[in-house]
Amino acid sequence: MFSSSQFDGGFMASQSTQMGDGTPSAAKTRDSHGLVPATVKMISQASQSGDEKSKFAINGVDVTNVTVVGMVSDIVEKVTDMGFIIDDGTGRIGCKRWVSDGFDKMEAEAIQDGKYVRVNGHLNSYQGTTNLVAFSVRPVTNFDEVTFHHIDCIYSYLQNTKTKLPQKGESSFSTPVKTEPNGFQTSSMDHLSKQYSIDGLKDCDQLVLECLKQSSDMGQEKGMHVDEVCKHLKLPLEKIKESVRSLEDEGLIYSTIDEFHYKAT
Amino acid sequence: MDTSNPAILVNGNLLPTHVRKRVRTVIQVLNSDRGSVIGKSTDDQQLVIKGSPPSTPLTKFVEVIGIADSDKSIQAEIWTNFGDNFDASSFNQLCQLANGEYQHLFL
């Protein structure tokens, strides 16, 4: 699949090589210096800071470089540069690719009317309009890239807006934001997104903890077997095991007669 | 930069809500005729795509951009071959997201 599913410390693993040109996403910090995926609509909504016309901010995060996927049109070829318009379905934006040593024949061939390309470049404001100064233009060969890019834009938006929420506890699991793109790989996104609450202790963990508390209230000395928890909550065993590990780290539960039986403290 | 004429991402279920608007979708070609193509949307609904496809042969999946002229048909302006391997279910979910809570990123 094309989405990144391994998260660690805020970095998104680069996309699979099937893409042809994996683009690393922005780092976790609010100042985004990486390549930010954006739709033309998002770029049109970007705010510009003060006198420096070259400073843009999308969703409140400073953006230097963006990546856009769309269809090429209106090519204007000059000696020093190549101008064209990218239409990604949300809008059209003018792009400019300076002709230089790096601009090889393959890139030039990719820029044809009606072809889908991925353009990486920085935003520039000129004569009241925003355009994209491209440092790389690559053809889209696998069209799942188009789907992926739009989903990537949603992900980037969520990452930039949700990092404002405070995170409690030393949970080793990913933040609420990071589960969103995984959602479409499994049965339903809504189900996954509801599992994560804002205060750090995930809903799934809460359920497991409640279940174990109930069993010790009922006087069970040896606690509850993880399989029993699984049957009781009707959640996959893997999820239960993850929650158990997390709760154990927090010191909220402890194992009793063996590694499968747990009790609430 | 111009965002005045977007093409709304739709699937079979979303098409009726955008009749007479500019839409884009990916269909699996079932049958092609002169003047129209019968396709299956990413949520398994049959759609009629009117207009003349390009002279090059159509691949299994085709993206069409055009005006929705009824609940089940689109007057296509642009046809793009999306190949024979395309993740229809991901595209379908994207349509739902792009028309749902993340609509402001697209329209």
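- As recorded in an unreviewed UniProt entry, chain B goes by the name Replication protein A 14 kDa subunit B-like, listed as coming from Linum tenue.
- Recorded in UniProt under Subcellular location (unreviewed entry), the annotation for chain B is "Nucleus".
- Heading Sequence similarities (unreviewed entry) of the UniProt record for chain B holds this comment: "Belongs to the replication factor A protein 3 family."

- Chain A goes by Replication protein A 32 kDa subunit A in an unreviewed UniProt entry, where it is assigned to Linum tenue.
- The record held by UniProt for chain A lists under Sequence similarities (unreviewed entry) the comment "Belongs to the replication factor A protein 2 family."
- Looking at chain A in UniProt, the text filed under Subcellular location (unreviewed entry) is "Nucleus".

1. Quick word on the overall build of chain B
Link 1 in the chain: A count of helical and extended segments in chain B gives 1 helix and 6 strands.
Link 2 in the chain: When the helices and strands of chain B are placed in sequence order, the string is β-β-β-β-β-β-α.
Link 3 in the chain: Residues counted as buried form 49% of the 107 residues belonging to chain B.
Link 4 in the chain: A fraction of 53% describes how many contacts in chain B between residues 6 or more apart in sequence connect residues 24 or more apart.
Link 5 in the chain: Within the structure as shown, chain B displays about 4900 Å² of accessible surface, and the carbon and sulfur contribution to it stands at 46%.

2. Remarks on the sheet that holds strand 13 (residues 261-264) of chain A
Residue and element names in this part refer to chain A.
Link 1 in the chain: With antiparallel pairing, 3 strands are arranged side by side in an open sheet as 11-13-12. Two strands in the sheet have a free side with no partner beyond their single neighbour: strand 11 (224-225) and strand 12 (253-255).
Link 2 in the chain: Sheet analysis places strand 11 next to strand 13, joined by 2 bridges and oriented antiparallel. Paired with His-225 across the two strands is His-261, which belongs to strand 13.
Link 3 in the chain: This element, helix 6 (residues 203-217), spans strand 11, strand 12 and strand 13 of the sheet and lies at about 85 degrees to strand 13.

3. Some remarks on the interface of chain A and chain B
Link 1 in the chain: On the chain B side, the residues contacting the 30 residues of chain A number 26 residues.
Link 2 in the chain: Area buried by chain A at its contact with chain B is led by Phe-143, Thr-147 and Ile-154 of chain A, which between them contribute 19% of it.
Link 3 in the chain: Our count for the contact surface shared by chain A and chain B stands at 0 salt bridges.
Link 4 in the chain: Where chain A meets chain B, there are 10 residue pairs in polar contact (both at pLDDT 80 or more).
Link 5 in the chain: Looking at the side of chain A that touches chain B, the elements that each hand over two or more residues are helix 1 (40-44), strand 8 (92-98), strand 10 (129-139) and helix 3 (144-162) of chain A.
Link 6 in the chain: By residue number, the principal contributor to the side of chain A that touches chain B is helix 3 of chain A, which donates 9 residues.

4. Quick look at the side chain of Thr-147 of chain A
Link 1 in the chain: Take Thr-147 of chain A: it is sitting in helix 3.
Link 2 in the chain: Judged by relative accessible area, which is 3%, Thr-147 of chain A ranks as buried.
Link 3 in the chain: Sequence-distant contacts of Thr-147 of chain A, that is, excluding residues within four places in its chain, are made with Phe-86, Ser-90, Phe-91 and Leu-94 of chain B.

5. A few points about the environment of Thr-80 of chain A
Residue and element names in this part refer to chain A.
Link 1 in the chain: In this fold, Thr-80 is placed in the loop between strand 6 (61-77) and strand 7 (81-87).
Link 2 in the chain: Of the residues examined, Thr-80 reaches a relative accessible area of 46% and is grouped as partly exposed.
Link 3 in the chain: Thr-80 sits 19 residues away from Val-99 along the chain, and the two C-alpha atoms are 5.3 Å apart.
Link 4 in the chain: Those residues within four positions of Thr-80 in sequence are excluded, and the remaining contacts are Trp-98 and Val-99.
Link 5 in the chain: Engagement of the side chain of Thr-80 in a polar contact is seen with the side chain of Asp-81, the distance being 3.1 Å.

6. Considerations on helix 7 (residues 226-233) of chain A
Link 1 in the chain: Taken residue by residue, helix 7 of chain A has Val-226, Val-229 and Cys-230 of chain A as its buried positions. Looking straight down helix 7 of chain A, one finds its buried side chains confined to an arc of 100 degrees; they lie on one side.

7. Points about the packing of helix 3 of chain A against helix 1 (residues 88-99) of chain B
Link 1 in the chain: Remark: helix 3 of chain A packs on helix 1 of chain B, axes separated minimally by 10 Å, with the N-to-C direction vectors making an angle of 40 degrees. Between helix 3 of chain A and helix 1 of chain B, the angle is such that the two are oblique. In this structure, the crossing between helix 3 of chain A and helix 1 of chain B has a hand that is left-handed. Contacts between helix 3 of chain A and helix 1 of chain B pair Thr-147, His-150, Ile-151 and Ile-154 of chain A from the former with Ser-90, Phe-91, Leu-94 and Leu-97 of chain B from the latter.
Link 2 in the chain: Looking at the contact of helix 3 of chain A with helix 1 of chain B residue by residue, the class counts come to 5 nonpolar, 3 polar and no charged.

8. Section: the packing of aromatic side chains
Link 1 in the chain: Applying the stated criterion to the full structure yields 7 aromatic pairs over all chains.
Link 2 in the chain: Here the aromatic rings of Tyr-116 of chain A and Phe-82 of chain B are separated by 5.7 Å at their centres, their planes lie at 75 degrees, and the arrangement is edge-to-face. Residue Tyr-116 of chain A is found in strand 9 (residues 116-126), and its partner Phe-82 of chain B is found in the loop between strand 6 (73-81) and helix 1; the two belong to separate chains.
Link 3 in the chain: Exposure remark for Tyr-116 of chain A: the relative accessible area of 3% places this residue in the buried category.
Link 4 in the chain: Judged by its relative accessible area of 2%, Phe-82 of chain B falls in the buried class.
Link 5 in the chain: Ring centres of Tyr-157 of chain A and Tyr-102 of chain B lie 6.3 Å apart, and the angle between their planes is 75 degrees; on these two criteria the pair is classed as edge-to-face. Here Tyr-157 of chain A, found in helix 3, pairs with Tyr-102 of chain B, found in the segment after helix 1, and the two come from separate chains. Side by side, Tyr-157 of chain A and Tyr-102 of chain B carry an identical accessibility label, which is buried.
Link 6 in the chain: Linked through ring pairs, Tyr-116 and Phe-143 of chain A together with Phe-61, Phe-82, Phe-86 and Phe-91 of chain B together constitute an aromatic cluster.

Cut-offs used in this document
Residues numbered from 1 in each chain as written. Chains lettered and ligands numbered in written order. Predicted model: local features only at pLDDT ≥ 70, side-chain atom pairs only at ≥ 80, totals over all residues. Heavy atoms only, no water. UniProt positions renumbered as here; feature names shortened; annotations may be inferred. Helix = DSSP H or I, 4+ residues; strand = E, 2+ residues; numbered from the N terminus. Buried < 20%, exposed > 50% of the residue type's maximum accessible area, 1.4 Å probe, protein only. Contact = heavy atoms within 4.5 Å. Areas by Shrake-Rupley, 256 points an atom, 1.4 Å probe, with all protein chains shown as cover. Pairing = 2+ DSSP bridges. Axes fitted to C-alpha atoms, helices over the stretch in contact; angles between N-to-C directions. Buried area = accessible area lost by both parts, 1.4 Å probe. Salt bridge = Lys/Arg side-chain N within 4 Å of Asp/Glu carboxyl O. Polar contact = N/O pair within 3.5 Å; in protein donor to acceptor, adjacent residues only side chain to side chain. Arc of directions from axis to C-beta. Parallel < 35°, antiparallel > 145°, perpendicular 65-115°, else oblique. Left-handed = near helix turned anticlockwise from the far one by under 90°. Nonpolar A, V, L, I, M, F, W, Y, C, P; charged D, E, K, R; others polar. Phe/Tyr/Trp six-rings, centres within 6.5 Å; stacked < 30°, edge-to-face > 60°.

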